[in-house]
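Each chain is listed here by its residues.
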Amino acid sequence: MAVTSALIALLCSGCGSWSWGRRSAGPAGLGASNRQDPALSGDGRVLASVVERGGRDTLLLQEQPSGRELPLRHLRRFQPHRSPSLSWNGRYVAVLIQQGSRRLAVIEDRVNGNLLRFPLPGDQEVERLSLAPSGRRLALEVVHNGINRVQVFDLANQLEPDLPAGMRSGGGAPAAAGR
């Protein structure tokens, strides 16, 4: 009985605080108190979240752990934003934008500044997206006639891979030193 009480006390000592090495995302400026849709790059060094700025849901991209805001070239023109996803190093930022009455999936390449759009035919509506860490595939949850389905797009001919340092684009094995 004493062991059970001690175990319960130990387990509940952290209840409600969830302090297992947690760290704040850092200062985020206006609208930071109401963040939603968090996404981390594969290496954990870039955080994307949606905050309200000027009455619109806006994508906020931050370097971790400093909290320094990272610029986005194209996405500020297309708001509101929803459902962000990042590649391994945060080179590619995929997000849903509102264009007129329709949501559209886009990917911004933060290295060369390109914006890739994914218009869908007919009355299909994009609900969510997920970008593969390499940036070579994009999954979209699409609603058509009240039915949800997932479409996966191969971006290998459109985007360079965004891989961890030392990884080859062909096989995924670490590159040999000195090559």
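As the structure is a computational prediction, the values presented were derived from the model and not from experiment.

Criteria and cut-off values
- Position labels on residues start from 1 in each chain and follow its written sequence.
- For this predicted model, a pLDDT threshold of at least 70 governs which residues receive local features, and a threshold of 80 or more governs which side-chain atom pairs are given and counted, while totals over whole chains, interfaces and linings are taken from all residues.
- Derived side-chain values reflect all non-hydrogen atoms in the structure, with water molecules and hydrogen atoms excluded from consideration.
- A run of DSSP states H or I qualifies as a helix once it reaches four residues; a run of E qualifies as a strand once it reaches two. Both are numbered from the N-terminal end.
- Here a polar contact is recorded for every N or O atom pair within 3.5 Å, except that within protein the pair must consist of a potential hydrogen donor and a potential acceptor, and residues adjacent in sequence are included only if both atoms are side-chain atoms.
- We treat two strands as partners when DSSP finds at least two bridges between them.
- Only C-alpha atoms enter the line fits that serve as axes; for helices the fit covers just the stretch in contact. Angles between N-to-C directions range over 0 to 180 degrees.

Undergrad: Give me the lowdown on the environment of Gln62, citing residues and values where you can.
TA: With respect to the secondary-structure elements, Gln62 resides in strand S3 (residues 56-63). Spatially, the C-alpha atom of Gln62 lies 8.4 Å from that of Arg45, the residues being 17 residues apart in sequence. Separated by 2.9 Å, the side chain of Gln62 and the backbone oxygen of Gly67 make a polar contact.

Undergrad: If you had to explain the sheet that holds strand S2 (residues 46-53) to someone new, which residues and values would you point to?
TA: Here three strands make up an open sheet; going across it, the order is S1-S2-S3 and the pairing antiparallel. Every interior strand has two partners, whereas the edge strands, strand S1 (36-40) and S3, have only one. When the angles between neighbouring strand axes are averaged without regard to direction, this sheet yields 25 degrees. When S1 meets S2, the two strands line up antiparallel, connected through three bridges. By the bridge assignment for S2, Gln36 is matched with Val50.

Undergrad: Account for the pairing of strand S10 (residues 147-154), naming residues and giving values.
TA: Strand direction decides the pairing type here: strand S9 (residues 137-144) and S10, joined by eight bridges, are antiparallel. Within S10, the position partnered with Val143 by the bridge is Asn148. Where S9 folds back onto S10 in an antiparallel hairpin, the turn is made up of two residues, including Asn145, whose phi is positive at roughly 55 degrees.

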